[in-house]
Amino acid sequence: MKLLIPGMSCGNCVANKLNAVKVADPAAIFRKDLALQTAEIATTVPSFALTQILAESSYPSTNLEDGQS
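Residues numbered from 1 in each chain as written. Predicted model: local features only at pLDDT ≥ 70, side-chain atom pairs only at ≥ 80, totals over all residues. Heavy atoms only, no water.

*Asks:* Give a description of the sheet that holds strand β3 (residues 38-42) that names residues and reports values.
*Replies:* In spatial order, the strands read β2-β3-β1-β4; together these 4 strands make up an open sheet with antiparallel pairing. Every interior strand has two partners, whereas the edge strands, β2 (29-33) and β4 (62-63), have only one. Note that β2 and β3 share 5 bridges and pair antiparallel. Residue pairing in the sheet places D33 in a bridge with T38 of β3. (Pairing = 2+ DSSP bridges. Helix = DSSP H or I, 4+ residues; strand = E, 2+ residues; numbered from the N terminus.)

Right under this line is the structure:
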């Protein structure tokens, strides 16, 4: 799934977001584009749960594939 993650601007931001995702799915694959503040995440976690995990970790996101935020 592709997410817009406002404020994702450095390697530390990416690491924090990846750690939040990895807690729910250790096998998740995370590709980022800092310039666009987007990430593509291959995971077994449903999109609604993933956006909730990120929001609870202080990283609100919007699923660009279905408009869910």
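There is more to say after this.
*Asks:* Which residues make up the nonpolar core, and what values go with them?
*Replies:* One finds L3, I5, M8, I41, L50 and L54 to be the most contacted residues of the largest nonpolar core, which totals 16 residues. When residues of this core are traced back to their parent elements, those giving at least two are α1 (11-24), β3 and α2 (47-56). The contacts of I41, once residues within four sequence positions are left out, are M1, L3, V21, A28, I29, F30 and L50. (Core = buried A, V, L, I, M, F, W, Y, C linked by side-chain atoms within 4.5 Å. Buried < 20%, exposed > 50% of the residue type's maximum accessible area, 1.4 Å probe, protein only. Contact = heavy atoms within 4.5 Å.)

*Asks:* Residue-level account of the pairing of β3, with values.
*Replies:* With 3 bridges connecting them, strand β1 (residues 2-4) and β3 associate as antiparallel partners. Bridging from a neighbouring strand, L4 pairs with T38 of β3. Here β2 folds back onto β3 in antiparallel fashion, the turn holding 4 residues, of which Q37 has a positive phi close to 55°.

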